[in-house]
Amino acid sequence: MRSRTYGALAGITAAAAAIAVAEAVAILTGAATAPLVAVGGVVVDAVPAGVKNFAVDVFYTYDKVALLVGTLVLLAAFAAVTGALAATRNRIYGYAGIGIFAAVGIVAALTRHNAPWYAFVPTLVGGIAAVAVLETTLRPKPSESGYTYEQRRWFLRVAGGTLAGAAVVGFASRWWATRRGVQAERAAVQVPAVSDSAAGLPPQADAQLPDLAPFVTPNKDFYLIDTALVVPQVSPADWTLRIHGRVDREVTITYDELLKRPMIERYITLACVSNEVGGGLIGNAKWQGVRVRDLLAEARPKAGADQVVSRSVDGFTAGTPTSVLLDDRDAMLAIAMNGEPLPIEHGFPVRMVVPGLYGYVSATKWLAELELTSFADFDAYWIKRGWAAQAVIKTQSRIDTPRDGGEPKAGPLVIAGVAWAQHRGVSKVEVQVDEGEWQRAELLAVPSVDTWRQWRLNWTATPGKHRLTVRATDNGGQTQTDAVAPPDPDGATGWHSIEIDVR
Ligand SMILES: Nc1nc2c(c(=O)[nH]1)N[C@H]1C(S)=C(S)[C@@H](COP(=O)(O)O)O[C@H]1N2
Ligand SMILES: [Mo]
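Residues numbered from 1 in each chain as written. Chains lettered and ligands numbered in written order. Predicted model: local features only at pLDDT ≥ 70, side-chain atom pairs only at ≥ 80, totals over all residues. Heavy atoms only, no water.

### Considering unusual backbone geometry
Residue Pro 349 follows Phe 348 across a cis peptide bond; omega there is 5 degrees. On the secondary structure map, Pro 349 appears in the loop between strand S8 (340-341) and strand S9 (351-353). Along the chain, Asp 488 connects to Pro 489 via a cis peptide bond; the corresponding omega equals 10 degrees. The backbone phi angle of Asp 211 is positive, close to 75 degrees, even though this residue is not glycine. Mapping Asp 211 onto the fold places it in the loop between helix H8 (183-188) and strand S1 (240-245). (Helix = DSSP H or I, 4+ residues; strand = E, 2+ residues; numbered from the N terminus.)

### Points about the nonpolar core
Side chains that are nonpolar tend, in soluble globular proteins, to be buried together. Within the largest apolar cluster, 84 residues are counted, with the highest numbers of intra-cluster contacts made by Ile 243, Leu 258, Trp 287, Leu 333, Tyr 360 and Leu 370. The element contributing the most residues to this core is strand S7 (residues 332-337), with six residues. Contact partners of Leu 333, with chain neighbours within four places excluded, come to Leu 241, Leu 258, Gln 288, Gly 289, Val 290, Val 292, Leu 295, Val 350, Arg 351, Met 352 and Leu 367. Counting residues in hydrophobic clusters, the runner-up holds 20 residues, among them Leu 413, Ile 415, Val 433 and Trp 455. (Core = buried A, V, L, I, M, F, W, Y, C linked by side-chain atoms within 4.5 Å. Buried < 20%, exposed > 50% of the residue type's maximum accessible area, 1.4 Å probe, protein only. Contact = heavy atoms within 4.5 Å.)

### Some words on the site of ligand 1
In the neighbourhood of ligand 1, 19 residues make up the surrounding shell, with Tyr 223, Thr 227, His 346, Arg 351 and Lys 365 lying closest. Tyr 223 places a main-chain nitrogen or oxygen 2.6 Å from an oxygen atom of ligand 1. For ligand 1, a nitrogen atom lies 3.4 Å from a polar atom in the side chain of Ser 312. When its residues are assigned to classes, the shell around ligand 1 shows 10 nonpolar, five polar and four charged. (Near = heavy atom within 4 Å. Polar contact = N/O pair within 3.5 Å; in protein donor to acceptor, adjacent residues only side chain to side chain. Nonpolar A, V, L, I, M, F, W, Y, C, P; charged D, E, K, R; others polar.)

### Examining the domain arrangement of the protein
By a widely used convention, the size of an interface equals the accessible area lost when the partners come together. Here the protein is described as being made up of domain 1 (3-179), domain 2 (203-385) and domain 3 (396-502). Here domain 2 and domain 3 have C-alpha centroids that lie 28 Å from each other. Residue-level contacts link 34 residues of domain 2 with 31 residues of domain 3. For domain 2, the biggest contributors to the area lost against domain 3 are Asp 211, Phe 215 and Val 277; these three give 22% of the whole. For the pair domain 2 and domain 3, the interface holds one salt bridge. Asp 211 serves as the salt-bridge partner of Arg 403, at 3.4 Å between the closest nitrogen and oxygen. (Domains from an automatic or database assignment. Buried area = accessible area lost by both parts, 1.4 Å probe. Salt bridge = Lys/Arg side-chain N within 4 Å of Asp/Glu carboxyl O.)

### Some thoughts on the pattern of salt bridges
Applying the stated criterion to the full structure yields 31 salt bridges. When the shortest N-O distance is used, the salt bridge between Lys 220 and Asp 221 registers 3.3 Å. A relative accessible area of 49% places Asp 221 in the partly exposed class. For Arg 456, the salt bridge identified is with Glu 442, shortest N-O distance 3.0 Å. With a gap of 14 residues between them, Arg 456 in strand S16 (residues 453-461) and Glu 442 in strand S15 (residues 442-443) connect regions that are remote in the sequence. Its relative accessible area of 22% is what places Arg 456 among the partly exposed residues. Look at the salt bridges and you will find they share partners, linking Asp 196, Arg 266, Arg 291, Arg 293 and Asp 330 into a network.

See below:
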């Protein structure tokens, strides 16, 4: 084994030890203080919008795993180079490498939103572990003819053991840190009774066809989109909401106080602006919570405060028109989703839900603040990255069954899907088979204009290849446009179209 290889392996071993030790310390200091998470968070916030949109497209919600793996690979490459330099030239290179990485990790951890003062500790302890590992593994000096058999055997044992140990400690720590979150606190929440309940679910809201999205999306199937590399763990006991900024009276409310307020319950379909035509970044749930309007009324927004910026515990922001939060659409601070306390990944203990607006301008999870300001004065998270500041949900429709590329049998076939135009409502859905006439689909019932709507059409499928296309019209009489546009900057447009081969 050449000195260079030896040094490179020693460098990688030291880096692995550093990451694992830092992860273990972060069990005590909070997952967000682990250098991988902190640096990853800086990268998420810093990458140009185009790259992130690409990542969302390619990795869907797995882009976070891809980011962590990418960071680890880069770190390993850097550690290998500095380790090789340390072994062949001067030990100083190794220490400098560790120093640079520790500095990056510490600065990242300390500058994250709401970072505690001790956020530097995991990286510091990890850096010390790296120095110790590098010092130990580089101690044997090669002779003129290279490392002896004994030296190599010793090194492989030490490096192999450290790497295996680091893998176990690293993964176990991360697992433990997640396990140890606020699950127990969530389970202890008693969802209060509702004083103004959702219009009952009409029996004919759900056609219950295989492959057709159910009218109510179960929590476990509800799409997940956020910028948080680790799910924030917010204890209800520590939760407060501060309403401040351009208000006559600042209001702060605790979780217990929130639960004592009149509770409303509404079916609301949430959609992500990144959803492609035909995509799955949309879901419908029964949300329970407190009217935002009532809380804002107590704070008394000043004239000209046309934007409410909702800010999460981890610094994400969404900007919503104040007028929308004050009108009669019942925007709410949700504490429950489909009858359960809000799931942790969907924003426990409190999130905002606003009918008719995309999530990125309204649906802040792990909510901490509402700040009254103006659109002229502040750009929220995604607006800084080029997305539109004002974005109402565009009318859209999707074919769920038959499946794209499916091979159904010839004969009677039900074509079905969902259509949405939240807060305007869907009045018509039409389906086109090949180049034929547009045929009006049957619309299923809905509790309000704020949800998506199932539709279905009976068709006698004839053998051969067919193209099925769907389009919806909202209650204002506007039919969704066939002009194809990407999600960026304010939502995708175009008709959903699938191909099937009838057998
Ligand atoms: N704190 C926080 N809230 C957030 C986001 C985020 O990144 N951080 N993303 C928003 C976006 S873009 C969408 S589409 C919805 C998604 O909510 P869900 O994950 O519960 O489906 O959350 C919104 N709320
Ligand atoms: Mo989104």
